[in-house]
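Geometric and topological summary
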There are 2 protein chains.
Amino acid sequence: MNNTNKTKQLDPAYVCGHKDPAAVRELLTKIGDKWSIFLVLSLAKIHGNRARFSELERSVPGISQRMLTLTLRNLERDGLVTREVFPEVPPRVEYELTVLGKSLLRPLDGLVEWVSVNWEDVKKAQSNFDSK
Amino acid sequence: MNNTNKTKQLDPAYVCGHKDPAAVRELLTKIGDKWSIFLVLSLAKIHGNRARFSELERSVPGISQRMLTLTLRNLERDGLVTREVFPEVPPRVEYELTVLGKSLLRPLDGLVEWVSVNWEDVKKAQSNFDSK
DNA sequence: CGGGATCCCGCCTGATACTG
DNA sequence: CAGTATCAGGCGGGATCCCG
C-alpha cells in the first residue's frame, strides 16, 4: 500500500503530487505497449484467463514469436501473468492472468470506455487539424 | 458507438467485447507516451489548466524543446489542448486543456489509482522475478 | 520567446534460422 | 511446441543551430 493518503478523487494535484510520476509513466508505457494490452485483453476474454503459447500467438495476429515471448516475459516479470511449464513432449506452456493482472482490467476498462465515448471527437479534431 | 456491428469474435484486436481495438490501442499509445501524460498532468494541476510554452518546459523537467513542441502539437491535433498565439513581441503562446482533455483525466486517474495501490506488488514481483 | 530544420545514435522490433 | 540467437531496418528522441 501507500503511505501518504491525501485522497482527493479528481484533483489534478492529487494525480501529479501524490504518486511517483515515474511509476505512473512506467505503467502507462507498459500499457501503451501494443502487444501487452492485446495479450492482457486476449487473456481476459479467454475462458479461465488461461491459454498456451500457440493459442496466444493465434489470438493476436501479427505478433511475432519474438515479441510474444518478450511481452509475456515482461508481463510475467510484472506479476500480471503466470507461466506454467508442463514437462511433456511436445512441450506445453500455459499463461494465465494473475489476480493483479485482472485487477488492472478495471482501470483499463475506464480508458476503453473513454475511447468509446470520445474517440469520434478525437478523430474529428484530428481531421479538422489536418485540413488546415 | 456507431461502427458496424461486425463483431469478429476471433479478431485479436477485438477488445473484451468493447469497441474499436485499434482506437483503444492508439489511445494507449498516446497515453503511454512519456511526455504526453506529463504534459496533460502538468496542465491539469496548473491554475486554469493553462500555461505558456516556457512554463511547460520548466514544469516538465528533462523534456527537450523538440519533444515539447511535437507533443503539444499532437495533443492539439487530438483536441486535448488548445494553442493560442498572441501577436506580441516577444511572442507568447498559451496552451490549455480542452474539455475533452480534462475528461481524459478521469480514466487516467483510474490508472494512477491502480498504481498507488498495486505498484509495490509489481515492484516486488519484478525483483522476485529478477532474483531467479 | 517559441519554435523549425538537421544530424545522428540507440533501441525497439520484425524476419529468419536453429533447437530441446 | 515453445522457445533462443542473430542480423538488419526504422524511428523515437536528444543535441545543436538558426530564425521571425
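Residues numbered from 1 in each chain as written. Chains lettered and ligands numbered in written order. Predicted model: local features only at pLDDT ≥ 70, side-chain atom pairs only at ≥ 80, totals over all residues. Heavy atoms only, no water.

Of regular secondary structure, chain A possesses 6 helices and 3 strands. Along its sequence from the N terminus, chain A presents helices and strands in the succession α-α-α-β-α-α-β-β-α. Every one of the 132 residues in chain A was classed for burial, and the buried ones make up 45%. Taking as baseline every contact in chain A between residues at least 6 positions apart, the subset at least 24 positions apart corresponds to 45%. Surface summary for chain A: the accessible area is close to 7,000 Å², and the carbon and sulfur share equals 54%. (Helix = DSSP H or I, 4+ residues; strand = E, 2+ residues; numbered from the N terminus. Buried < 20%, exposed > 50% of the residue type's maximum accessible area, 1.4 Å probe, protein only. Contact = heavy atoms within 4.5 Å. Areas by Shrake-Rupley, 256 points an atom, 1.4 Å probe, with all protein chains shown as cover.)

Once that is clear, we can look at the protein's contact with DNA strand D. The full set close to DNA strand D counts 19 residues, and A:S54, A:Q65, A:R83, A:Y95 and B:M67 are the nearest of them. What you see for DNA strand D is that sugar and phosphate hold 59% of its atoms within 4 Å of the protein. In this structure, A:R52 approaches DNA strand D through a side-chain N or O atom, which is 2.8 Å from a phosphate oxygen. Separating a phosphate oxygen of DNA strand D from a backbone N or O atom of A:V93 is a distance of 3.4 Å. (Near = heavy atom within 4 Å. Polar contact = N/O pair within 3.5 Å; in protein donor to acceptor, adjacent residues only side chain to side chain.)

With respect to the helices and strands, B:E76 occurs in helix α4 (residues 65-77). Excluding anything up to four places from it in sequence, B:E76 contacts A:F129, B:V81 and B:R83.

As a structural note, the neighbourhood of DNA strand C is formed by 19 residues, with A:R66, A:M67, B:R73, B:R83 and B:Y95 the closest of them. When atoms of DNA strand C within 4 Å of the protein are split into backbone and base, the sugar-phosphate part holds 61%. A distance of 3.0 Å separates a base nitrogen of DNA strand C from a polar atom in the side chain of B:Q65. The separation between a sugar or linking oxygen of DNA strand C and a polar main-chain atom of B:P91 is 3.4 Å. Mapped onto the surface near DNA strand C, the elements with two or more residues apiece are α5 (65-77) of chain A together with α3 (53-59), α4 and β3 (92-97) of chain B. Broken down by element, the residue count for the surface near DNA strand C peaks at 4 residues, all from α4(B).

Turning our eyes to something else, we now look at the packing of helix α6 (residues 99-130) of chain A against helix α1 (residues 21-32) of chain B. Across the interface, α6(A) lies against α1(B) with an axial gap of 10 Å and an inter-helix angle of 85°. With respect to α1(B), the axis of α6(A) lies roughly perpendicular. When α6(A) is examined against α1(B), the residues A:L111, A:V112, A:W114, A:V115, A:W119, A:K123 and A:Q126 are found in contact with a partner set consisting of B:A23, B:V24, B:E26, B:L27, B:L28 and B:K30. (Axes fitted to C-alpha atoms, helices over the stretch in contact; angles between N-to-C directions. Parallel < 35°, antiparallel > 145°, perpendicular 65-115°, else oblique.)

All names here are of chain A. If you walk across this open sheet you meet the 3 strands as β1-β3-β2, and the pairing is antiparallel. Edge positions in the sheet fall to β1 (50-52) and β2 (81-86), since each of these pairs with one other strand and no more. Between one strand and the next, the sheet's axes are offset by a mean angle of 25°, whatever the strand orientation. Across 6 bridges, the pairing between β2 and strand β3 (residues 92-97) is antiparallel. Paired with E84 across the strands is E94, a residue of β3. Sitting on the sheet, helix α3 (residues 34-45) is in contact with β1, β2 and β3, with an inclination near 90° to β3. (Pairing = 2+ DSSP bridges.)

The next thing to look at is the environment of B:K102. Take B:K102: it is sitting in helix α5 (residues 99-130). Remark: the alpha-carbon pair of B:K102 and B:P21, spanning 81 residues in sequence, is separated by 23 Å.

It is worth spelling out the pairing of β3(B) at this point. β3(B) sits mainly inside the fold: 5 of its 6 residues count as buried. As consecutive antiparallel partners, strand β2 (residues 81-86) of chain B and β3(B) are separated by 5 residues.

Glancing now at the relation of the copies chain B and chain A. Least-squares fitting of chain B to chain A yields an RMSD of 0.2 Å, with the superposition described by an axial translation of 0.1 Å and a rotation of 180°. The superposition of one copy onto the other is thereby described by a two-fold rotation axis. For chain B, the minimum C-alpha distance to the rotation axis belongs to B:G32 and amounts to 2.1 Å. Most of the interface of chain B is mirrored in chain A, where 95% of its interface residues again form contacts. (Least-squares fit on C-alpha atoms with pLDDT ≥ 70 in both.)

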